[in-house]
Every structure is written in structure tokens, then in C-alpha cells.
Amino acid sequence: MAVRHSLKKVSKETVVSILREYLSKGHDMKFIEKALLKAECPKKILREAKKELKIGLKTAKKVKKGVKPKKAPKTTKKPSKPKLAKPRIMPTPAGPPRVVTPPKLPKVKLTSKKVLYPLIIILACIAVLLIVLLLFSIGPENCGTDEACFIAKANACEPARFHNMIDTTEISYVIGEDCTVTKEITKLGEREPEEVKELFLGQAMKCSYPKGGFDRVYIDEISGKLETCEGPLATIIAELRR
């Protein structure tokens, strides 16, 4: 930057315009001041011009800052649906606990011991009787004193029972499914000596025979067909025969 003319009588406005011009071209302020002072620009006018220039720059900046930006056009928003408030569940007021009284049961009168004991005895007797009847129904058929019934069952090897009297001796007979007959002395005559009663009473023996070949001698004689028999009674009779 070179100033050819003298600036002794330059005005403040001229200096301000010079400063603006060269500052806009990118020159430094100090460089411009030196050039103006070389051209004999009064320092007072230079200071006043700088002040005015600074004030002008500040006001220009303020104006630029004060310019409000253009507002963008508002876009119409769709109205949002109103949110429904959730219903509040009010707590039920706590009251006193309910007391449930149980229903009264009728009083049961207990039977007296005088009535209870005979009742128990009667029930026990009925139970025993039923058991006995059940055993008889399950066990061998009772022919009683019927010889024909017993002999028919014996020949068929079907279980059966029979009672017979030989003189004063009572004997019970039982037929087994294996074609056997068991003889037991259940009663002796009253005139029999005690030694005989002790020896024979309650003794039994078991005799075998072929199916369909039952001999009635088994029921007619105590020692009939003894060779086919075994047991305490058979042993006693065999010893007495010796």
C-alpha cells in the first residue's frame, strides 16, 4: 500500500473510508496505520477514524446478530388421541374378621354297659355260627348216618363225612380226594374200662382203596382191611393182635 499524496489536511471521514477499503482487501490494520502515518496523516484523526470504524463494525455485528432467522412453516400435526386414564381400584376397607360358628351336633346318648355286653356276646355267637356253617359248606359233604350216601361218595373219591356206631363205639369217617378213608374213634361205651378209653379214644388211621372199589367192611368193622391202613389206631390194633 503506497499513499502518494500528503494527508496532512485529510478529514476523518476520508481516513475511515480508506481503512474500510483496505481492510476489506485483506490488509492488516497496523500495516495501514504505518502507511497513513508516512503520508503525514494526523494521529488524532487516525485515532478518531479507528474509533468510528470500530463502532461501525460493532453496530454492524449487532445488527447481524439481531436478525432473527426465518421461521420454518409449521406443519399441521394430526391430533393425537386422548389417553384414557386407567381406572383406579380402590382397596376395600378392612373390617373385623368374620367368625364362623360351627353347627351344633345332636348329642348321642351312649348305651349302657348292661345293654352293650349282651349285644356283643350275641354278635360273637352269630359270627362263630356263620364261620362253622361256612366251613361245613366248603368242606366235605356231610352224609350223617346215611351209608348209601357215604359209599357212593367213597367210590367216586369225592370228599364226604359219615358217622357210624359199631357196638358201643362211635367212629367218624372222612373220604379224601385221593381215594382214602380216615377212621377216628370219637366215643366209647360208658362200660368200657378207663384203660381202653385212654388207649383208643381220639386215635385215627388212614386207609387206601382203588377208585370205585370201596369195601363196606371199612364201616362194618373197626379193623376191616387193616393191611391197607396206617396211623396210630392201626398200630395199636396190630399190636393187640399179636
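Residues numbered from 1 in each chain as written. Predicted model: local features only at pLDDT ≥ 70, side-chain atom pairs only at ≥ 80, totals over all residues. Heavy atoms only, no water.

## Points about the confidence of the model for the protein
The predicted model of the protein has a mean per-residue pLDDT of 80, with 70% of residues at 70 or higher. For the protein, helix α3 (residues 43–66) is the element with the lowest average pLDDT, namely 70, and strand β5 (residues 204–208) is the one with the highest, namely 96. (pLDDT = per-residue confidence, 0-100. Helix = DSSP H or I, 4+ residues; strand = E, 2+ residues; numbered from the N terminus.)

## Regarding the sheet that holds strand β4 (residues 180–187)
The six strands lie next to each other as β1-β2-β3-β4-β5-β6, forming an open sheet whose pairing is mixed. One side of each edge strand has no neighbouring strand; the edge strands of this open sheet are β1 (141–142) and β6 (229–230). Sheet strands in contact with helix α5 (residues 147–155) are β1, β2 (160–166), β3 (169–176) and β4, and its direction is about 130 degrees off that of β2. (Pairing = 2+ DSSP bridges. Contact = heavy atoms within 4.5 Å. Axes fitted to C-alpha atoms, helices over the stretch in contact; angles between N-to-C directions.)

## Side note on the packing of aromatic side chains
The final tally for this structure, using the stated rule, is seven aromatic pairs. Here the aromatic rings of Phe 150 and Phe 214 are separated by 5.9 Å at their centres, their planes lie at 85 degrees, and the arrangement is edge-to-face. One end of the pair, Phe 150, is in helix α5; the other, Phe 214, is in the loop between β5 and α7 (217–220), and 64 residues separate them in sequence. When its relative accessible area of 0% is taken as the criterion, Phe 150 is described as buried. Members of the aromatic cluster, joined through ring pairs, are Phe 150, Phe 162, Tyr 173, Tyr 209, Phe 214 and Tyr 218. (Phe/Tyr/Trp six-rings, centres within 6.5 Å; stacked < 30°, edge-to-face > 60°. Buried < 20%, exposed > 50% of the residue type's maximum accessible area, 1.4 Å probe, protein only.)

## Remarks on a nonpolar patch on the surface
A grouping of Leu 116, Tyr 117, Leu 119, Ile 120, Ile 122, Leu 123, Ile 126 and Leu 130 is seen on the molecular surface, where their side chains present a nonpolar patch of about 780 Å² in accessible area. Inspection of the secondary structure assignment puts Leu 116 in helix α4 (residues 113–138). Leu 116 gets classed as partly exposed once you look at its relative accessible area, which sits at 35%. (Patch = residues over 30% accessible without salt bridge, like charges linked within 9 Å, V, L, I, M, F, W, Y side chains within 5 Å. Areas by Shrake-Rupley, 256 points an atom, 1.4 Å probe, with all protein chains shown as cover. Salt bridge = Lys/Arg side-chain N within 4 Å of Asp/Glu carboxyl O.)

## Overview of the pattern of salt bridges
In this structure the tally under the stated criterion is nine salt bridges. In this structure, Lys 12 and Glu 52 form a salt bridge, with 3.4 Å as the shortest nitrogen-oxygen distance. A residue pair is termed long-range when its members are at least 10 positions apart, and Lys 12 in helix α1 (residues 12–24) and Glu 52 in helix α3 qualify at 40 residues. Exposure remark for Lys 12: the relative accessible area of 27% places this residue in the partly exposed category. Look at the salt bridges and you will find they share partners, linking Glu 147, Arg 216 and Asp 220 into a network.

## Topic: the pairing of β3
Across the eight residues of β3, six count as buried, placing the element largely inside the fold. Bridge count for β2 against β3 is seven bridges, and the pairing is antiparallel. Note that in β3 the partner of His 163 across the bridge is Ser 172. Both β3 and β4 contribute to a ladder of seven bridges, which runs antiparallel. Counted as the bridge partner of Ile 171 is Ile 185 from β4. Taking the residues between adjacent antiparallel strands as the criterion, β3 and β4 are bridged by three residues, where Cys 179 takes a positive phi near 60 degrees.

## Let's talk about the state of the cysteines
Evaluated as defined, the whole model comprises three disulfides. Covalent S-S linkage joins Cys 143 and Cys 149, the inter-sulfur distance amounting to 2.1 Å. Residues Cys 143 and Cys 149 are joined through a disulfide that is left-handed, its torsion about the S-S bond being -55 degrees. Residue Cys 143 is classed as buried on the basis of its relative accessible area, which comes to 8%. Here Cys 157 is linked by a disulfide to Cys 179, with a sulfur-sulfur distance of 1.7 Å. Judged by the torsion about the S-S bond (100 degrees), the Cys 157/Cys 179 disulfide is right-handed. Here Cys 157, found in the loop between α5 and β2, pairs with Cys 179, found in the loop between β3 and β4; they are 22 residues apart in sequence, far enough to count as distant. Using a relative accessible area of 13% as the deciding quantity, one classes Cys 179 as buried. Among the cysteines of the protein that take part in disulfides, numbered as they appear in the sequence, the pairing is 1-2, 3-4, 5-6. (Disulfide = S-S within 2.5 Å.)

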